[in-house]
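Structural overview
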Amino acid sequence: MTVPAVIVPGEETHGRPRPPGGLRKGDGRAALGFLAPGALGFLAFTLFPVVASLAMSFFDWPVLGSPSFAGFGNYVELFTTDDTFRTAILNTLLFVVLYVPVNIVVSMSLAVWISPRIAGRRFYRVLFFIPAVTPMVGNAVVFGLLLTPNGLIDSTMKSLFGVGAPNFLGSSSWAMPAVVMMSVWQGFGYNLLVFSAALDAVPSHLVEAAEIDGAGAVRRFFSVVLPLLSPSIFFATVLTLISSFQVFTQSYVLTGGGPGNSTTTLVMYLYQSGFQFFRLGFASAIAWVLFVFIMIVTAIQFIGQKKWVHYDQ
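Residues numbered from 1 in each chain as written. Predicted model: local features only at pLDDT ≥ 70, side-chain atom pairs only at ≥ 80, totals over all residues. Heavy atoms only, no water.

Our focus in this paragraph is the packing of aromatic side chains. Under the criterion given, the structure shown has 22 aromatic pairs. Plain terms: the ring middles of Phe72 and Tyr75 are 6.3 Å apart, the flat faces sit at 55° to each other, and that makes the pair tilted. Ring geometry for Phe248 versus Tyr271: centroids 5.4 Å apart, planes at 55°, classification tilted. Residue Phe248 is found in the loop between α10 (230-245) and α11 (249-254), and its partner Tyr271 is found in helix α12 (residues 266-275); the two are separated by 23 residues along the sequence. Note on Tyr271: relative accessible area 25%, which makes it partly exposed. (Phe/Tyr/Trp six-rings, centres within 6.5 Å; stacked < 30°, edge-to-face > 60°. Helix = DSSP H or I, 4+ residues; strand = E, 2+ residues; numbered from the N terminus. Buried < 20%, exposed > 50% of the residue type's maximum accessible area, 1.4 Å probe, protein only.)

Here is the structure:
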């Protein structure tokens with residue numbers, strides 16, 4: 001038996017029932033009008049520059065002068081004859097290897113420390129998050145003043161131990177660790193909040209059950225709490241890895257890529273190629289190589305997360 005449509009008084013649409021979902025004629029145009037500013041902004045400032053950079057990577061494109069088609073010439077030069085590019089790759093990988101584990105460990109440790117039992121927990125959360133929202137250039141300038149010869153660290157070591165600190169920013173052995181140290185101080189606050197929120201969501205009855213079974217604090221953390229934090233660890237690791245491959249400001253302000261090329265990263269070499277050497281096509285090729293690197297690493301993480309990330313509590 002067919003049930004006749006029920007029309008609520010005041011809801012008639014020219015003698016026809018209202019369509020499913022409450023949509024009326026013209027709603028689509030209204031929605032399109034609301035979406036248009038964001039869509040146009042995405043097309044103009046994101047999609048078009050991305051496509052344009054891909055096209056430019058196949059050209060010899062100077063800032064002044066006419067571009068000429070180079071095919072894969074920029075990519076061939078990068079991987080065959082450009083020693084600076086290889087150095088930039090190694091420096092970027094070194095930064096990633098040093099920065100990501102230290103960031104995760106520091107943020108996790110502090111998140112565990114500011115547990116609900118700690119007095120002033122909200123104050124510590126705000127305190128540790130402040131570096132993440134302060135301008136990175138300002139933070140880098142302050143660290144530069146601290147790490148320079150006769151700076152605060154060097155003067156303090158001389159007064160306490162009679163021995164000066166290493167030349168952090170002028171030594172090829174210490175420059176990258178100095179960049180990593182500044183980056184960890186700048187970036188651990190965001191992951192700390194992620195881990196702190198995840199720790200609050202851990203079911204207390206599971207921890208209590210492990211405690212009743214005789215598990216100590218360390219065993220409870222590694223056997224019960226840490227597996228439940230795996231989704232948050234995965235999320236934080238993915239974002240931290242992506243941001244670490246794009247490191248630029250820290251090394252640019254602290255060392256300018258030096259001494260030599262010891263802190264020249266891929267993004268810094270991209271900047272130098274495009275805005276100092278005025279090779280826009282070559283710089284676009286570097287950008288797309290970096291994009292592929294990040295995509296590969298992210299894909300590997302998503303494939304591997306099936307083995308160690310546990311979403312069921």
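Before going further, it helps to spend a moment on the environment of Leu145. Along the polypeptide, Leu145 turns up in helix α5 (residues 136-147). Given the relative accessible area of 59%, Leu145 is considered exposed. C-alpha of Leu145 to C-alpha of Ala178: the two residues are 33 residues apart in sequence and 12 Å apart in space.

Attention shifts here to the side chain of Asn191. In this structure, Asn191 sits in helix α7 (residues 175-200). Of the polar contacts made by the side chain of Asn191, one reaches the side chain of Asn103; its length is 2.7 Å. Excluding anything up to four places from it in sequence, Asn191 contacts Asn103, Ile104, Ser107, Ala236 and Thr240. (Polar contact = N/O pair within 3.5 Å; in protein donor to acceptor, adjacent residues only side chain to side chain. Contact = heavy atoms within 4.5 Å.)

One number sums up the size of the largest pocket: a volume of about 660 Å³. Forming the walls of the largest pocket are 18 residues, and the residues nearest its centre are Ser115, Pro116, Arg117, Val207 and Val225. Listed by contribution, the elements that provide at least two residues to the lining of the largest pocket are α7, α8 (204-212) and α9 (217-228). Counted by class, the lining of the largest pocket contains 11 nonpolar, 2 polar and 5 charged residues. In this structure, the second largest pocket spans a volume of roughly 360 Å³. Elements with a contribution of two residues or more to the lining of the second largest pocket: α3 (83-113), α7, α10 and α11. At 5 residues, the largest contribution of residues to the lining of the second largest pocket is made by α7. Considered class by class, the residues forming the lining of the second largest pocket number 8 nonpolar, 11 polar and no charged. (1 Å grid on protein atoms, 1.4 Å probe; cavity = no way out; pocket = protein on both sides within 12 Å on 5 of 7 lines; lining within 4 Å. Points joined across faces, edges and corners; volume = space filled by probe spheres on them. Nonpolar A, V, L, I, M, F, W, Y, C, P; charged D, E, K, R; others polar.)

Moving on: the packing of α8 against α9. For the pair α8 and α9, the least separation of the axes is 10 Å and the interaxial angle reads 165°. On the basis of their axis angle, the class for α8 and α9 is roughly antiparallel. Along this stretch, α8 crosses α9, giving a crossing that reads as right-handed. Residues Leu206, Val207, Ala210 and Glu211 of α8 pack against Arg220, Val224, Val225 and Leu228 of α9. A class-by-class count of the residues in the contact of α8 with α9 yields 6 nonpolar, no polar and 2 charged. (Axes fitted to C-alpha atoms, helices over the stretch in contact; angles between N-to-C directions. Parallel < 35°, antiparallel > 145°, perpendicular 65-115°, else oblique. Left-handed = near helix turned anticlockwise from the far one by under 90°.)

Right, let's talk about the environment of Leu192 for a bit. Here Leu192 is to be found in helix α7. We classify Leu192 as buried; its relative accessible area is 0%. Linking Leu192 and Ala236, residues 44 residues apart in sequence, is a C-alpha distance of 9.4 Å. When near neighbours in sequence (up to four residues on either side) are disregarded, Leu192 contacts Ser107, Leu110, Ala111, Ile114 and Phe128.

Taken together, the side chains of Leu40, Phe42, Leu43, Leu47 and Val51 define a hydrophobic patch exposed on the protein surface, amounting to about 460 Å² of accessible area. In this structure, Phe42 sits in helix α1 (residues 27-56). (Patch = residues over 30% accessible without salt bridge, like charges linked within 9 Å, V, L, I, M, F, W, Y side chains within 5 Å. Areas by Shrake-Rupley, 256 points an atom, 1.4 Å probe, with all protein chains shown as cover. Salt bridge = Lys/Arg side-chain N within 4 Å of Asp/Glu carboxyl O.)

Attention shifts here to the pattern of salt bridges. According to the stated counting rule, one finds 5 salt bridges in the structure shown. Asp200 serves as the salt-bridge partner of Arg125, at 3.0 Å between the closest nitrogen and oxygen. Pair noted here: Arg125 is in helix α4 (residues 121-133) and Asp200 is in helix α7, with a separation of 75 residues, a long-range link. For Arg125, a relative accessible area of 23% puts it in the partly exposed group. Salt-bridge contacts for Lys158 lead to Asp154; the nearest nitrogen and oxygen are separated by 3.3 Å. Of the two residues, Lys158 and Asp154 are both situated in helix α6 (residues 152-161); the distance of 4 residues between them amounts to about one turn of the helix. For Asp154, a relative accessible area of 7% puts it in the buried group. A network of salt bridges, in which partner residues are shared, links Arg121, Arg125 and Asp200.

Moving on: the confidence of the model for the protein chain. Put simply, the protein chain has an average pLDDT of 87, and 91% of its residues get 70 or more. Across residues 6-13 the pLDDT falls below 50, and counting only partners more than four positions away or on other chains, this stretch makes 4 contacts in the model. (pLDDT = per-residue confidence, 0-100.)

Moving on: the environment of Leu94. As for its position among the elements, Leu94 is in helix α3. Taking relative accessible area as the criterion, Leu94 reaches 39% and is therefore assigned partly exposed. Separated by 82 residues in sequence, Leu94 and Met176 place their C-alpha atoms 8.3 Å apart.

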